[in-house]
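Observations on the three-dimensional arrangement
Each chain, written out:
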Amino acid sequence: MDIAITKTQEPKIKPTDESTLGFARTFSDHMFITEYEEGQWQNPRIVPYQKLSLDPASPVFHYAQEIFEGAKAYSLDNGEVGLFRIEDNARRMNRSADRMCMPAIDVDLQVEAIRRLVDLDRDWVPTSEGTSLYLRPTMIADGTSLGAHTASRFIYFVIASPTGSYYQQGSKPIRIRIETRHVRAVKGGVGRAKTGGNYAASFKASSNAKGEGFNEVLWLDGRTQSYVQEVGAMNMMFVVDGRIVTSELGDTILPGITRDSVLTLAREKGIGVEEGKIAVAELYDAYDKGLLTEAFGTGTAAVISPVGELTWNDRTIVLNNNEMGPISEMFYTELVGIQRQRLPDTHGWTSVVPRYRG
Ligand SMILES: *Cc1c(COP(=O)(O)O)cnc(C)c1O
C-alpha cells in the first residue's frame, strides 16, 4: 500500500534542551493517518501534525471505543535510528482491536507507517542518554450516531514525541501504594487490551495516591484483592531469593513487550523466572525473611523503573535501601544497550529505520 506524504510548510521549533524533555509533551512535525470505511483502510498518508475534526456524536467520545500502542525510536551511535520489537506492537494493536470490536490493521502497514513517519521526522529523535522519540499509534471509533454498538468507521493515526525520562525524578526509585479499594481489571474484562478506558478508570486511585506522595498504585486482582497484578502502565517484577517473580498473563494483565524481553533475557542468563499468582501476603513474608530484595516495573515509557518503597495498608517496606538494585540495573543496561545497538541483538529485536527517498 502506498503512503502519500505531504510535508509541513511550517516546521516547528524543536526543543533544544534534551534534559528537560519530560514525557511526550511536544510532538514532531508530522503524523500518519488512515481511515477505515466500507470495510477497508483507505488513503494511508503522512500529513503535517494537525488537529482532528470529529463529529461530536463519534462513538469514541461516548463509548470509549479506543485503543493505542506505545513504542520508541532510538538514536543509534552511527547516526541512524532504531526501532525495538515494533512488529510486536503492531500485533498487539490487532489483539486489542479484536477485543474492542475494532478492525485489524495490517501489521506491515502499521510498521511501514511508523518507519516512514520516523524517517521523515528523524531530526526529532533526541540523542542523549535516556531519550527517544516516543511513538503513539492510536485507533478511535468515528461516526455520527449515538447508537450503543460498534462503529463502522475508524481512524488510525500515529504521532511522535521527543521524550526524556518518564518520571520527573529520572531513574530514582519510585514509591508505590498497593491499591486496596479500586480495581483495574477483572476476569472476562478488558485488562489485557491497551484501551484508554482502563486508564480513565484508574486515574481516581492514582490521583489519590499521588496526593499522598506516591508515584503509582499497584493493582490487585479484582476478585479477592490479594494477588498482585500490575502498575498503571508497567508490569511488575519482584526479585525473590535471586529469582524473578511476576504475575502470569491472563485476561487482566497487559502483555508487556518489555516484560517479555526481561523474562527472555533472564532465562538466557540462567536467572530463575516464576510466572504465577503472587499473593501480597507472601511478598511481605519474603521481605521479612530477607528474600525480597528488589522490585521493578517494566514498560516502554520508563523501560525499568525501580521501586524503592511499597506500601500495603499501613505497612511500608523499603527495598534495597531505596536505591536501584543490581538486578534492575542489569536489565536496564542490557535492554537499553540492545535498543541502542551497543550490545549484540541476538533476538533480532531491533531494526534500523530505512532512509526513504523523496
Ligand atoms: C503498555 C502497558 C504496559 C507495558 O507494556 P510494554 O509493551 O512493555 O510497553 C503495561 N501495563 C499496561 C496497563 C500498559 O498499558
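Here the structure is a predicted model, which means the values were calculated and not measured.

Moving on: helix H5 (residues 203-211). Within an α-helix, residues lying three or four positions from one another point in the same direction, as the helix has 3.6 residues per turn. If you check which residues of H5 are buried, you get Ala205, Ser206 and Ala209. Along the long axis of H5, the arc covered by the buried residues comes to 95°, so they all point the same way. For H5, the exposed residues set more than 90 degrees away from the buried face come down to Phe203, Lys204 and Gly211. Check the buried side of H5 and you find it contacts strand E9 (174-178) and strand E10 (216-220).

This part covers the nonpolar core. Phe32, Val118, Leu133, Leu135, Met139, Phe154 and Tyr156 are the most contacted members of the largest nonpolar core, which has 37 residues in total. Looking at this core, the elements with two or more residues in it are strand E2 (30-37), strand E3 (40-48), strand E5 (71-75), strand E6 (81-84), helix H2 (86-99), helix H3 (107-120), strand E7 (132-142) and strand E8 (153-163). Per-element accounting of this core gives the leading share, seven residues, to H3. Apart from the residues lying within four places of it in its own chain, the contact partners of Leu135 are Glu69, Gly70, Ala71, Lys72, Ala73, Leu83, Ile114, Val118, Ile159 and Ala160. Among the nonpolar cores identified, the runner-up in size contains 24 residues, and Val231, Ile278, Tyr284 and Ala286 belong to it.

Okay, the site of the ligand next. The environment of the ligand is made up of 15 residues, and the closest members are Lys194, Tyr199, Glu230, Thr258 and Thr300. Note that a nitrogen atom of the ligand is positioned 2.5 Å from one of the side-chain N or O atoms of Glu230. A distance of 2.6 Å separates an oxygen atom of the ligand from a polar atom in the side chain of Thr300. With the chains in place, 97% of the 380 Å² that the ligand exposes on its own is no longer accessible. Among the secondary structure elements, those contributing two or more residues to the shell around the ligand are strand E12 (234-240) and helix H6 (257-268). When its residues are assigned to classes, the shell around the ligand shows five nonpolar, six polar and four charged.

It is at 11 Å that the axes of H6 and helix H8 (residues 326-339) come closest, and there the two elements cross at 110°. By the angle between their directions, the pair H6 and H8 is classed as roughly perpendicular. Each of Thr258, Ser261, Val262, Leu265 and Ala266 in H6 lies in contact with H8, whose residues at this interface are Phe331, Glu334, Leu335 and Ile338. Its residues assigned to classes, the contact of H6 with H8 shows six nonpolar, two polar and one charged.

Its domain assignment divides the chain into domain 1 (4-164) and domain 2 (174-339). For domain 1 and domain 2, the distance between their C-alpha centroids amounts to 27 Å. Three residues, Phe68, Phe84 and Arg92, lead the burial of domain 1 against domain 2; their summed loss comes to 33% of the area buried on that side. Summed over the shared surface of domain 1 and domain 2, the result is one salt bridge. Taking the shortest distance from any N to any O, the salt bridge between Asp260 and Arg85 comes out at 2.9 Å. Connecting domain 1 to domain 2 are 12 residue pairs in polar contact (both at pLDDT 80 or more).

Turning our attention to the packing of aromatic side chains. Going through the model one piece at a time under the given rule, you end up with 10 aromatic pairs. For the ring pair Phe32 and Tyr156, a centre distance of 6.0 Å and an interplane angle of 70° mean the geometry is edge-to-face. Taken together, the positions of Phe32 in strand E2 and Tyr156 in strand E8 put the pair 124 residues apart, joining distant regions of the chain. What makes Phe32 buried here is its relative accessible area of 0%. Consider the rings of Tyr36 and Phe154, whose centres lie 6.0 Å apart with planes at 70°: the pair is edge-to-face. In this pair, Tyr36 is assigned in strand E2 and Phe154 in strand E8, connecting sequence segments 118 residues apart. One exposure class covers both Tyr36 and Phe154, and it is buried.

Cut-off values and rules
Residues numbered from 1 in each chain as written. Predicted model: local features only at pLDDT ≥ 70, side-chain atom pairs only at ≥ 80, totals over all residues. Heavy atoms only, no water. Buried < 20%, exposed > 50% of the residue type's maximum accessible area, 1.4 Å probe, protein only. Helix = DSSP H or I, 4+ residues; strand = E, 2+ residues; numbered from the N terminus. Arc of directions from axis to C-beta. Contact = heavy atoms within 4.5 Å. Core = buried A, V, L, I, M, F, W, Y, C linked by side-chain atoms within 4.5 Å. Near = heavy atom within 4 Å. Polar contact = N/O pair within 3.5 Å; in protein donor to acceptor, adjacent residues only side chain to side chain. Areas by Shrake-Rupley, 256 points an atom, 1.4 Å probe, with all protein chains shown as cover. Nonpolar A, V, L, I, M, F, W, Y, C, P; charged D, E, K, R; others polar. Axes fitted to C-alpha atoms, helices over the stretch in contact; angles between N-to-C directions. Parallel < 35°, antiparallel > 145°, perpendicular 65-115°, else oblique. Domains from an automatic or database assignment. Buried area = accessible area lost by both parts, 1.4 Å probe. Salt bridge = Lys/Arg side-chain N within 4 Å of Asp/Glu carboxyl O. Phe/Tyr/Trp six-rings, centres within 6.5 Å; stacked < 30°, edge-to-face > 60°.

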